Amino acid sequence: MKLLYTVYYKLQSRCEIALRTKHSKQDLYKFYTLPDEVRSAIFELGGITRVFNEQTQIFNESSILIRNCMLELVGYLKSMTNFDRPSPRFVLYGEHGVGKSMALVYALQYAHENNYLLVHIPWVLRWFAYPKEVSHSLTKEGMVDLNIDAAMWLRHFQKQNTKWLEDPRLTTSQEYVWSPREKSEANIPLAALIEHGITRVKYASDVVDVLFTEIKKLSTEGVCRTFVCVDGYNSFFAEKTNCKPEDKSKVLPSRVTLTRSVINLVQSDWNNGAIVLALSPRANLPDRRESHLPLYMLKKAGFESIDPFVPIHVPELNDEEFHNLLNLYESKKWLQTSEGREEIAFLTKRVPQKMYEFCSFK
Amino acid sequence: MLIPKLVYPQALLFTRASIFKTAVRSASFGPQFIDPIFKHEDIDRIIANNELKNYTDVPVKPPTSFQTCSTFYNPVKEKFINYMMKKGNKELAREVFEYTVKSIKRIQIEKYNKATSDEERESIILDPYVIIDKAIENTKPILKLRSIKRAAVTYQVPIPISDKEARFKCMKWHIEIAKDKPSEVRFSDNLAQILIDGADNKGKVVKKKTDLHRQCEANRAYAHYYFG
């Protein structure tokens, strides 16, 4: 049986098709390489997990396993024909380390190839767990701004959509007043609006809010097709954050301006786009990680904010995927024996991240 | 002075369990007890050689908590973890050791990928446990110094050392030297580099061993004090 699997790997474990659009059921359970130009274009400022970054450094290659959930998600996106309807919501859920973020990487790459405007939030918990600067909002009373984080995200957005931001059709619809002295006039390009947010960090949170409403408007008008992607969406509904403003008052995620703008973006009051959200037990507080099911993680408020949605479960690896992955590790010298596969399967529950960690000291 | 080498029964040598032989004074089992045979391969070998009747009436010690029949069982690893442990915090010690192994693997694989010729590639050892074994073999001392008082003067007397104690000493040296580092460097990364150096027969631990040997050589005139 062992021999059979190694032969299988050598024969057909590589997928040479470059475009995500052309992947089919025949390419299931194979590895494809993430090209360096795509990596630098989309994921330079976030989006790729720590473990995968480490792997690419050690293996000298970035290979991704094509899984059923990825093809399912991309299949839904492909089958969308009527763009006058509200944008559909897809929710990826599964246990920690099972490959939800890699599925998002796959979907983002598909969207990039098909000329979507990308609105990608790499890891929501970073805003609430490690906030750079917390200040009171000037425009919204009782709210809190995370301006440096917002400006950093604007740079990420700018980097991902360099081609789209050169388009002259992407302009603002109305005049925005930031302060008595500063204002942005109507019909200026979105690139100028983003540049304003990055240079005047004081208004970055407000710029993000304005940007989302403008993108919704532009998408509905049919100027651009938008792909919204949020990793760790459930941390918007946690009971606690590390944000401490000057008056030391308690800050829930609902009191942060970024939360309100993202939840507003995820609503289905706009057309011509798609929304993909990933839920993770790791995005919850440590005392709330028992289950990976959507209702438990989002609680009632969060569930109602995105209801209805298409759930996509990301399961543990099946037999073929499991052996293919271990064969890859063997060929890269990460695992140095071909014995004990049953033991690995039992101890790691076939969760890929755990498998990587387990093989690291064997 | 030569100490006669201990001869273990054949069945015990199979398991590589001989390094776990407990000290006589603290042993709770008498000498008639044999070490446990817990690996499937050893049991299969005994059955295949028809030696099972030799074990029918022999009392056997219970295995310790870390002796398992796992395919990845390695006695040296378990010993290293125990020597590294502080205040019974085995979980942390194990985690640190696992990071060390990972770090060794990482350094070696990156070296392997960077190598240009086949000869260079073959010379790199990729298995971290082979590296650890080699490092221990290269840094084991053959003698030790003991202070002995003769006529109101203490002398540093060189005496021979048992295999088990030599093993313990060199592992302790590894841990001691790995702790001596700037605060921004991780202990596990430092230990990994020291082990790789030791496998190559160079580095601080090998130097420590040669220093000890040199001092023993200098004190050879006192060697007879050991006998009284």
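Residues numbered from 1 in each chain as written. Chains lettered and ligands numbered in written order. Predicted model: local features only at pLDDT ≥ 70, side-chain atom pairs only at ≥ 80, totals over all residues. Heavy atoms only, no water.

S.K.: Pulling in residues and values, what's your account of the domain arrangement of chain B?
M.R.: As far as domains go, chain B holds domain 1 (29-73) and domain 2 (74-225). Taking the mean C-alpha position of each, domain 1 of chain B and domain 2 of chain B sit 30 Å from one another. (Domains from an automatic or database assignment.)

S.K.: Run through the interface of chain B and chain A, naming residues and quoting values.
M.R.: Across the contact, 17 residues belong to chain B and 22 residues belong to chain A. If you sort the residues of chain B by the area they bury against chain A, Phe72(B), Lys102(B) and Lys105(B) come out on top, with a joint share of 39%. Applying the counting criterion to the chain B and chain A interface returns two salt bridges. Two residues, Glu54(A) and Lys102(B), come together in a salt bridge whose shortest N-O distance is 3.1 Å. Inspection of the region where chain B meets chain A yields ten residue pairs in polar contact (both at pLDDT 80 or more). Put simply, the parts of the chain that give the side of chain B that touches chain A at least two residues each are helix H4 (90-114) and helix H6 (128-139) of chain B. Sort the elements by how many residues they give to the side of chain B that touches chain A and H4(B) lands first, with nine residues. Here the side of chain B that touches chain A is composed, by residue class, of seven nonpolar, three polar and seven charged. (Contact = heavy atoms within 4.5 Å. Buried area = accessible area lost by both parts, 1.4 Å probe. Salt bridge = Lys/Arg side-chain N within 4 Å of Asp/Glu carboxyl O. Polar contact = N/O pair within 3.5 Å; in protein donor to acceptor, adjacent residues only side chain to side chain. Helix = DSSP H or I, 4+ residues; strand = E, 2+ residues; numbered from the N terminus. Nonpolar A, V, L, I, M, F, W, Y, C, P; charged D, E, K, R; others polar.)

S.K.: Outline the packing of aromatic side chains, supporting the account with residue identities and numerical values.
M.R.: One pass over the structure, following the stated rule, counts 25 aromatic pairs over all chains. Pairing Tyr32(A) with Tyr106(A) gives two aromatic rings, centres 5.8 Å apart and planes at 70°, and the pair type is edge-to-face. With Tyr32(A) in strand E1 (residues 31-33) and Tyr106(A) in helix H5 (residues 100-113), the pair connects residues that are 74 residues apart, well separated along the chain. Judged by relative accessible area, which is 0%, Tyr106(A) ranks as buried. When the ring of Tyr176(A) is compared with that of Trp178(A), the centres are 6.2 Å apart and the planes differ by 25°; the resulting orientation is stacked. By the ring-pair criterion, three or more aromatic residues cluster together here, those being Phe59(A), Tyr329(A), Trp334(A) and Tyr356(A). The ring of Tyr296(A) carries Arg288(A) above its face, with NZ or CZ at 4.5 Å from the centroid. The ring of Tyr99(B) has Arg186(B) sitting right over it, with the charged end atom 5.2 Å from the ring centre. (Phe/Tyr/Trp six-rings, centres within 6.5 Å; stacked < 30°, edge-to-face > 60°. Buried < 20%, exposed > 50% of the residue type's maximum accessible area, 1.4 Å probe, protein only. Lys NZ or Arg CZ within 6 Å of the ring centre and 35° of its normal.)

S.K.: Before we move on, can you summarise the sheet that holds strand E4 (residues 117-121) of chain A with the specific residues and values?
M.R.: Residue and element names in this part refer to chain A. Overall, parallel pairing links the five strands, which are arranged E4-E9-E10-E3-E11 in an open sheet. Where the open sheet ends on each side, the last strands, each with one partner, are E4 and strand E11 (310-313). On average, each strand axis in the sheet is tilted by 15° relative to the strand beside it, whichever way the strands run. The sheet contact formed by E4 and strand E9 (residues 226-231) spans five bridges and is parallel. Across the sheet, the residue bridging to Ile121 is Val230, located in E9. (Pairing = 2+ DSSP bridges. Axes fitted to C-alpha atoms, helices over the stretch in contact; angles between N-to-C directions.)

S.K.: Before we move on, could you go through the nonpolar core and cite the residues and values that matter?
M.R.: The tendency in soluble globular proteins is for nonpolar side chains to be buried side by side. Counting residues in each nonpolar core, the largest one holds 57 residues, and the members touching the most others are Trp127(A), Trp153(A), Phe157(A), Leu211(A), Val230(A), Tyr233(A) and Phe236(A). Sorting elements by how many residues they give to this core places helix H10 (residues 204-221) of chain A first, with eight residues. If we skip the residues at most four places from it in the chain, Phe157(A) touches Leu117(A), Leu118(A), Val119(A), Leu165(A), Ile194(A), Leu211(A) and Ile215(A). Counting 55 residues, the second-largest nonpolar core is a separate cluster that includes Leu335(A), Phe358(A), Tyr83(B) and Ala135(B). (Core = buried A, V, L, I, M, F, W, Y, C linked by side-chain atoms within 4.5 Å.)

S.K.: Quick rundown of the pattern of salt bridges? Include the residues and the values.
M.R.: Within this structure, the stated rule accounts for 28 salt bridges over all chains. The closest approach of N and O atoms between Lys349(A) and Glu95(A), which form a salt bridge, is 3.4 Å. Remark: Glu95(A) occurs in the loop between strand E3 (89-93) and H5 and Lys349(A) occurs in the loop between helix H14 (341-348) and helix H15 (352-360); sequence separation between them is 254 residues. Among the ionic pairs, Lys299(A) bridges to Glu239(A), the shortest N-O distance being 2.9 Å. Of the two residues, Lys299(A) is situated in helix H12 (residues 294-306) and Glu239(A) in the loop between E9 and helix H11 (257-266); the sequence distance between them amounts to 60 residues. In this structure Glu239(A) comes out as partly exposed when scored by relative accessible area, which is 36%. Through salt bridges that share partners, Arg50(A), Glu54(A), Glu357(A) and Lys102(B) make up one connected network.

S.K.: Which residues make up the side chain of Ser184(A), and what values go with them?
M.R.: Residue and element names in this part refer to chain A. With respect to the secondary-structure elements, Ser184 resides in strand E8 (residues 183-184). A distance of 2.8 Å separates a polar atom in the side chain of Ser184 from a polar atom in the side chain of Trp178. Apart from the residues within four sequence positions on either side, Ser184 is in contact with Gln174, Glu175, Tyr176, Trp178 and Leu193.

S.K.: If you had to explain the environment of Lys216(A) to someone new, which residues and values would you point to?
M.R.: Take Lys216(A): it is sitting in helix H10. Distance from Lys216(A) to Phe237(A), taken between C-alpha atoms, is 23 Å for residues 21 residues apart in sequence.

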